[in-house]
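Residues per chain, in single letters:
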Amino acid sequence: ETGLIEDARQVPSPNCDERPTPPGTSEIDTLIIHAISLPPGKFGGDAVEEFFCNRLNHGQHPFYKEIEGVTVSAHLLIRRNGELVQFVPLHLRAWHAGESVCRGKKNVNDFSIGVELEGSDATPFEDAQYERLVEVTRLLDATFEKLTLQNIYGHHEVAPERKTDPGPYFDWQRYRGLCQQPP
């Protein structure tokens, strides 16, 4: 009912809003997997959380100047150690996919959940991240009737002109195989 995941650390982001109405036009049926690191290729620290909450100090790194004024979020972040951080309640619209199309429908944020993995296009993901992502996927599957394994995409698939994440090191076969195993 609250849209909050009990064992997630809550870091509320202002970068969200209500999903579109009328009822039925915003049914959640899609999971989008992303990867993020700030600065690029660096893990740990609070930069991603600060970015999603509009508190990033843009003078701390040259790359941060490039993203100054950008307002984005995701529902969830899975850190390298498997820690789950929630920024946006699941029933609200997080601003994670940007200009995007999925299965012929535009505005993917309207009908999706966005999960960020702390990572990059140049680094393999950690076992703890796969384990937590599978847990989250099972929870979402149990919560949202129309969200199935067939409706899980990488950010690169819904915004191919702009994005490459989660990148070549994300093992889709491993992830899907783990999702299909009994809990």
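A. Quick peek at the overall build of the protein chain. What the protein chain contains, in helices and strands, is five helices and 10 strands. By the compact-globule yardstick of 16 Å for 183 residues, the protein chain fits well, its C-alpha radius of gyration being 15 Å. Counting only C-alpha atoms, the protein chain reaches 45 × 35 × 35 Å along its principal axes. Counting the 183 residues in the protein chain, one finds 50% classified as buried. Considering only residue pairs separated by 6 or more positions, the protein chain has 70% of its internal contacts joining residues 24 or more positions apart. Working note: accessible area of the protein chain is about 9200 Å², and carbon and sulfur atoms make up 50% of it. One way to put it: in the protein chain the 18 positive side-chain charges average out to a point 3 Å from where the 28 negative ones average out.

B. Spotlight on the pattern of salt bridges. Counted under the stated rule, the structure contains 14 salt bridges. For lysine 146, the salt bridge identified is with glutamate 27, shortest N-O distance 3.2 Å. Of the two residues, lysine 146 sits in the loop between helix 3 (127–143) and strand 10 (152–154) while glutamate 27 sits in the loop between strand 2 (16–17) and strand 3 (30–36), which places them 119 residues apart along the sequence. Lysine 146 sits in the partly exposed class, given a relative accessible area of 43%. For arginine 80, the salt bridge is made with glutamate 126, and the minimal N-O distance between the two is 3.3 Å.

C. Looking closely at the packing of aromatic side chains. What the rule picks out here adds up to seven aromatic pairs. Ring centres 5.7 Å apart and planes at 55 degrees place the aromatic pair phenylalanine 170 and tyrosine 175 in the tilted group. For phenylalanine 170, a relative accessible area of 4% gives the class buried. Members of the aromatic cluster, each reached through a chain of ring pairs, are Phe125, Tyr130, Phe170, Trp172 and Tyr175. Over the ring of phenylalanine 43 we find arginine 80; its NZ or CZ atom is 4.2 Å from the centre of that ring. We note lysine 105 situated over the ring of phenylalanine 111; from NZ or CZ to the ring centre the distance is 4.0 Å.

D. Structural context of the packing of helix 3 against helix 5 (residues 172–180). Between helix 3 and helix 5, the least distance of the axes is 10 Å, while the angle of their chain directions is 50 degrees. Taken together, the axes of helix 3 and helix 5 lie oblique to each other. Judged by the twist between their axes, the crossing of helix 3 over helix 5 is right-handed. Contacts from Asp127, Tyr130, Leu133, Val134, Thr137 and Arg138 in helix 3 reach Arg174, Tyr175, Leu178 and Cys179 in helix 5. A class-by-class count of the residues in the contact of helix 3 with helix 5 yields six nonpolar, one polar and three charged.

E. Representation of the nonpolar core within the structure. Of all hydrophobic cores here, the largest spans 26 residues; its most connected members are Leu31, Ile33, Phe170 and Tyr175. For this core, the secondary-structure elements that each account for two or more residues are strand 3, strand 4 (76–78), strand 9 (112–118), helix 3 and helix 5. Grouped together as the second largest cluster of nonpolar side chains are 19 residues, Phe87, Val88, Leu92 and Ala94 included.

F. Summary view of unusual backbone geometry. A cis amide bond, omega -10 degrees, links leucine 38 with the succeeding residue proline 39. Tracing the sequence through the fold places proline 39 in the loop between strand 3 and helix 1 (47–52). In this chain, aspartate 165 is followed by proline 166 through a cis amide linkage whose omega measures 15 degrees. Considering the arrangement of structural elements, one finds proline 166 in the loop between helix 4 (155–158) and helix 5. Even without a glycine there, the phi angle at asparagine 54 is positive, about 60 degrees. Its location among the elements puts asparagine 54 in the loop between helix 1 and helix 2 (62–66). With a relative accessible area of 42%, asparagine 54 lands in the partly exposed category.

So, how was this worked out
- Residues numbered from 1 in each chain as written.
- Predicted model: local features only at pLDDT ≥ 70, side-chain atom pairs only at ≥ 80, totals over all residues.
- Heavy atoms only, no water.
- Helix = DSSP H or I, 4+ residues; strand = E, 2+ residues; numbered from the N terminus.
- Rg over C-alpha atoms; globule rule 2.2 N^0.38 Å.
- Buried < 20%, exposed > 50% of the residue type's maximum accessible area, 1.4 Å probe, protein only.
- Contact = heavy atoms within 4.5 Å.
- Areas by Shrake-Rupley, 256 points an atom, 1.4 Å probe, with all protein chains shown as cover.
- Lys, Arg positive; Asp, Glu negative; His and termini not counted.
- Charge placed at Lys NZ, Arg CZ, Asp CG, Glu CD.
- Salt bridge = Lys/Arg side-chain N within 4 Å of Asp/Glu carboxyl O.
- Phe/Tyr/Trp six-rings, centres within 6.5 Å; stacked < 30°, edge-to-face > 60°.
- Lys NZ or Arg CZ within 6 Å of the ring centre and 35° of its normal.
- Axes fitted to C-alpha atoms, helices over the stretch in contact; angles between N-to-C directions.
- Parallel < 35°, antiparallel > 145°, perpendicular 65-115°, else oblique.
- Left-handed = near helix turned anticlockwise from the far one by under 90°.
- Nonpolar A, V, L, I, M, F, W, Y, C, P; charged D, E, K, R; others polar.
- Core = buried A, V, L, I, M, F, W, Y, C linked by side-chain atoms within 4.5 Å.

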